[in-house]
Amino acid sequence: MTGKVRFSLDPHSSPQMDKLNEKPQLAIVHSHLEMGSMDGRSEHEFEDESLVTPVNLSRRSNGLNGGYHGSFSTAEQDTSIRTLNDSLWRTLKVVLFTSKINILMPCGPLAVFIHHSFADKGWVFFLSLLGIIPLAERLGFATEQLAFFTGPTVGGLLNATFGNATELIISIHALKGGMIRVVQQSLLGSILSNMLLVLGCAFFSGGIVFLKKEQVFDKAAAVVNSGLLLMAVMGLLFPAVLHSTHSEVHYGKSELALSRFSSCIMLVAYASYLVFQLKDHRDSYDPVGEEGCQNEGCTDDDDEVAEISKWEAITWLAILTVWISVLSDYLVDAIQGASVAWNIPVAFISVILLPIVGNAAEHASAIIFAMKDKLDISLGVAIGSSTQISMFGIPFCVVVGWIMGQPMDLNFQLFETATLFITVLVVAFMLQEGTSNYFKGLMLMLCYLIVAASFFVHVDPPVGEFLIQRFPVKSLFEFTIQINSLLRAKRGFAAIMTHLMK
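Not measured: the values here are computed from a predicted model. (Residues numbered from 1 in each chain as written. Predicted model: local features only at pLDDT ≥ 70, side-chain atom pairs only at ≥ 80, totals over all residues. Heavy atoms only, no water.)

S.K.: I keep staring at the side chain of Ser263 and nothing clicks. Help me out?
M.R.: Within the secondary structure, Ser263 sits in helix H9 (residues 254-280). Of note is the side chain of Ser263, whose polar atom sits 2.7 Å from the backbone oxygen of Ser259. Leaving out residues up to four positions away in the same chain, Ser263 has contacts with Pro395, Val398 and Leu410. (Helix = DSSP H or I, 4+ residues; strand = E, 2+ residues; numbered from the N terminus. Polar contact = N/O pair within 3.5 Å; in protein donor to acceptor, adjacent residues only side chain to side chain. Contact = heavy atoms within 4.5 Å.)

S.K.: Before we go on, may I ask you to explain the packing of aromatic side chains in this structure?
M.R.: Both the distance between ring centres and the angle between the ring planes are used here to describe each pair of aromatic rings. Going through the model one piece at a time under the given rule, you end up with eleven aromatic pairs. Arranged with centres 6.0 Å apart and planes meeting at 40 degrees, the rings of Tyr270 and Tyr273 form a pair that is tilted. Taken together, the positions of Tyr270 and Tyr273, both in helix H9 and three residues apart, correspond to about one turn of that helix. Members of the aromatic cluster, each reached through a chain of ring pairs, are Tyr270, Tyr273, Phe392 and Phe396. Sitting over the ring of Phe141, Arg138 keeps its end group 4.3 Å from the ring centre. Residue placement shows Lys213 over the ring face of Phe210; its charged tip is 5.2 Å from the ring centre. (Phe/Tyr/Trp six-rings, centres within 6.5 Å; stacked < 30°, edge-to-face > 60°. Lys NZ or Arg CZ within 6 Å of the ring centre and 35° of its normal.)

S.K.: Would you take a moment to explain the packing of helix H4 (residues 107-117) against helix H10 (residues 310-333) for this structure?
M.R.: Relative placement of two packed helices is described by the angle separating their axes and the distance separating the axes. Between H4 and H10, whose axes approach to 11 Å, the crossing angle comes to 45 degrees. Classed by the angle they form, the pair H4 and H10 counts as oblique. You can see that H4 and H10 cross each other, and the crossing is left-handed. Side by side, H4 and H10 meet where Gly108, Pro109, Val112, His115 and His116 of the first sit next to Trp323, Leu327, Tyr330 and Asp333 of the second. Tallied by class, residues from the contact of H4 with H10 come to five nonpolar, three polar and one charged. (Axes fitted to C-alpha atoms, helices over the stretch in contact; angles between N-to-C directions. Parallel < 35°, antiparallel > 145°, perpendicular 65-115°, else oblique. Left-handed = near helix turned anticlockwise from the far one by under 90°. Nonpolar A, V, L, I, M, F, W, Y, C, P; charged D, E, K, R; others polar.)

S.K.: How should a nonpolar patch on the surface be read in this particular structure?
M.R.: Together, Ile208, Leu211, Tyr438, Phe439, Leu442, Met443, Leu446 and Leu449 line one region of the surface with nonpolar side chains, adding up to about 750 Å² of accessible area. Residue placement: Leu211 occurs in the loop between helix H7 (180-209) and strand S1 (215-216). (Patch = residues over 30% accessible without salt bridge, like charges linked within 9 Å, V, L, I, M, F, W, Y side chains within 5 Å. Areas by Shrake-Rupley, 256 points an atom, 1.4 Å probe, with all protein chains shown as cover. Salt bridge = Lys/Arg side-chain N within 4 Å of Asp/Glu carboxyl O.)

S.K.: Which parts of the structure should I look at to understand empty space enclosed by the protein?
M.R.: The rolling of a water-molecule-sized probe over the atoms marks out the regions of remaining empty space. Counted under the stated rule, the structure contains one cavity of 30 Å³ or more. In this structure, the largest cavity spans a volume of roughly 50 Å³. Glu167, Ile170, Ser171, Ser186, Leu187, Leu354 and Pro355 are the residues that line the largest cavity. Secondary-structure elements contributing two or more residues to the lining of the largest cavity are helix H6 (165-176), H7 and helix H12 (346-358). The element that contributes the greatest number of residues to the lining of the largest cavity is H6, accounting for three residues. (1 Å grid on protein atoms, 1.4 Å probe; cavity = no way out; pocket = protein on both sides within 12 Å on 5 of 7 lines; lining within 4 Å. Points joined across faces, edges and corners; volume = space filled by probe spheres on them.)

S.K.: What is the right way to look at the side chain of His458 in this model?
M.R.: Tracing the backbone through its elements, the reader meets His458 in the loop between helix H16 (438-456) and helix H17 (463-469). Assessed through its relative accessible area of 14%, His458 is described here as buried. If near-sequence neighbours (up to four positions away) are discounted, His458 is found in contact with Pro345, Ala347, Phe415 and Glu416. (Buried < 20%, exposed > 50% of the residue type's maximum accessible area, 1.4 Å probe, protein only.)

S.K.: Explain the nonpolar core to me, please; I cannot follow it from the model alone.
M.R.: Within soluble globular proteins, side chains that are nonpolar generally end up buried alongside one another. Within the largest apolar cluster, 105 residues are counted, with the highest numbers of intra-cluster contacts made by Phe125, Leu199 and Leu431. Examining the composition of this core, we find that 15 residues originate from one element, H7, more than from any other. Contacts of Phe125, omitting those with residues within four sequence positions, involve Leu331, Ala334, Ile335, Ala338, Trp342, Ile349, Leu353 and Leu354. (Core = buried A, V, L, I, M, F, W, Y, C linked by side-chain atoms within 4.5 Å.)

S.K.: Just to check I follow, could you spell out H4 for this structure?
M.R.: In an α-helix, one full turn covers 3.6 residues, which means residues spaced three or four apart are oriented alike. Taken together, the buried positions of H4 are Cys107, Gly108, Ala111, Val112 and Ile114. Taken around the axis of H4, the buried residues stretch over an arc of 165 degrees, which confines them to a single face. In the segment just after H4, Ala119 is the residue with positive phi, at about 60 degrees. (Arc of directions from axis to C-beta.)

S.K.: I would appreciate a short explanation of the packing of H12 against H16 in the present structure.
M.R.: Viewed as axis vectors pointing N to C, H12 and H16 meet at an angle of 140 degrees, and their least axial separation amounts to 7 Å. With respect to their mutual orientation, H12 and H16 come out oblique. Taking contact as the criterion, the partners of Ala347, Phe348, Val351, Ile352 and Ile356 in H12 are, on H16, Tyr448, Ala452, Phe455 and Phe456. Residues that form the contact of H12 with H16 fall into these classes: nine nonpolar, no polar and no charged.

S.K.: How should the environment of Met391 be read in this particular structure?
M.R.: By secondary structure assignment, the location of Met391 is in helix H14 (residues 375-404). Accessibility expressed as a relative area gives 0% for Met391, which makes it buried. Among residues more than four places away in sequence, those in contact with Met391 are Leu228, Met231, Ala232, Met266, Leu267, Ala269 and Tyr270.

S.K.: What exactly am I supposed to notice about unusual backbone geometry here?
M.R.: The general pattern is negative phi for most residues beyond glycine and trans for most peptide bonds. Even without a glycine there, the phi angle at Asn343 is positive, about 55 degrees. Structurally, Asn343 can be placed in the loop between helix H11 (335-342) and H12. The phi angle at Gln413 is positive, at roughly 70 degrees, despite the residue not being glycine. Gln413 gets classed as buried once you look at its relative accessible area, which sits at 17%.

S.K.: I would appreciate a short explanation of the pattern of salt bridges in the present structure.
M.R.: Two side chains that carry opposite charge are able to pair once their charged atoms sit near each other. Counted according to the given criterion, the structure contains six salt bridges. In this structure, Glu137 engages Arg138 in a salt bridge whose closest nitrogen and oxygen atoms are separated by 2.8 Å. Between Lys213 and Asp373 there is a salt bridge, and its shortest N-O distance comes to 2.8 Å. You can see Lys213 sitting in the loop between H7 and S1 and its partner Asp373 sitting in the loop between helix H13 (360-371) and H14, a full 160 residues away along the chain. The partly exposed category is assigned to Lys213, whose relative accessible area is 24%. Judged by its relative accessible area of 2%, Asp373 is buried.

Below you can see the structure in the form of C-alpha cells.
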C-alpha cells in the first residue's frame with residue numbers, strides 16, 4: 001500500500017515506551033511519506049506528516065550525532081591549544097634565542113640580585129650596563145617588525161620614538177632623581193658616539209670590504225641632517241653664552257625660559273622634518289643602492305618579511321620597555337657609587353660609557369649595512385639617530401623636566417657645547433662629498449678617542465665654585481668691597497685697642 005502508514009498500537013504500551021519509540025517512528029513516517037505520491041492521501045496521512053517538524057529533526061540529528069560533535073569539539077580545542085603553544089614557542093625563539101648578544105640578558109636579573117643582597121654599586125652599574133645592551137637591540141628589532149604592518153610613514157614615526165628609547169628612559173629616571181648634569185652629558189655623549197664612533201666604524205668597515213672603490217651615499221639627505229645638527233648646536237650655544245657672559249635680563253630665569261622656548265621650536269622643527277622626509281619628499285630619500293642597484297654590492301636582501309605578528313611585536317615592545325625602565329633605575333642609582341669605586345669621573349661615565357650601551361644596536365646595524373654597501377642606511381642609522389637625539393631627545397627632556405618641576409635647560413656648559421660644535425663641523429666636512437672610504441672612518445674614530453680622553457680628565461667645578469660662577473660680576477664686585485671695608489675696620493679697631501693698652 002503505497003503512501004499509507006500503518007501503526008500497530010498496543011493498548012498495554014506505557015508512555016515511557018512511546019517516548020523511546022517516538023524517534024524511530026518519526027523516521028519511518030518521514031521515509032514512507034517521501035516515497036508515496038500526493039494522490040490519494042488521507043487526512044490521517046497529513047497528520048502523520050505533521051509529526052515530522054524541523055525541531056524534531058534537529059533533535060533527532062543531535063541525538064544521533066551527539067557523540068561525534070563532542071569528540072570534534074575536544075579535538076578542536078586540543079588543536080587550538082597546540083597551535084597557541086607552537087606560536088608562543090616560535091615567538092620566544094625568534095625574540096630571545098636568534099641573536100647572539102642575548103647571552104647578556106641574565107646580567108639584568110643578576111644586577112637586581114646584587115643590589116638587594118650586597119649593595120655593591122660598582123657591580124650593579126656594570127651588570128645593569130651589560131643587561132641593557134641586548135634589551136636595546138631587541139627593542140629595535142620589535143620596532144622594525146611592527147613597521148612591517150604600519151607602512152613607511154608610521155614606521156618612521158615608530159623608529160623616531162623607539163629608536164632612542166633607551167637613552168630617553170635613562171634620562172627620565174635621572175631627571176626624577178634631580179641628576180640634570182647626568183641627563184645633559186648622557187644625551188650629549190649619545191650624539192657624539194653616533195656621529196664619531198658609529199659612523200666612523202661604518203665608514204672604516206665598508207672601506208675595508210670595498211677597498212678598491214669609494215662607497216657612495218645620498219648627499220642631499222646628509223646635508224639636511226647636517227643642517228638640523230647645526231640648528232641643535234645653535235639651540236645649545238645661546239643659553240651657554242648667555243650664562244657665561246652674565247647678560248641675562250632676569251638672572252636665573254631668562255636662561256631657563258630661553259631653553260624652554262627653544263626646545264618647543266626644536267620639536268616643531270623636528271616634526272616638520274619628519275613630514276618632509278616621510279610624506280612630501282619620500283622619493284628623495286630612497287637609498288642610492290636601491291635605485292637601480294647603482295652600487296656593485298646590490299643584493300635582494302631588502303625582500304624581507306615580518307618574523308612575528310603585529311600584536312606579538314606590540315607585546316614585546318611593552319615588555320622590553322618596562323624591563324629597560326627597571327634596569328635604568330638601578331643603573332642611574334649606581335652611577336655615583338661606580339664613579340667612586342672605579343675612580344672614574346661621572347662625566348666620563350655619562351658621556352662615554354652610557355651612550356655606548358644605548359647605541360650598541362645602532363653600532364652593529366650600521367657596520368653590517370656598510371659592509372653590504374648600503375651606506376645610505378648606515379648614514380640614516382648614525383646621523384639620523386644623532387638628529388633624533390639633538391632635535392627630539394634633548395628638547396623632550398627639557399619639556400619633561402618642566403612638567404616635573406626640574407630646572408632642566410639647554411645650558412650644557414661651554415666645554416660640552418664647544419665639543420659638540422667642533423664635532424658637527426668635522427662630520428659635516430666629511431659628508432659634503434657624498435663618498436666614503438676607510439681613511440675617513442679612521443679619522444672619525446680617532447676624533448672620538450680625543451673626545452673620550454678629554455672627558456676622562458674633565459670634571460664639573462665643585463658646588464661652591466659653581467655657585468660663585470653664577471653670580472653677576474657687579475654683585476661679586478660689591479661683595480668684595482664690603483669685605484675689604486670690614487677688614488679695614490677690623491684692623492683699625494685692633495690698632496685703637498693696642499694704643500689704649502699702652
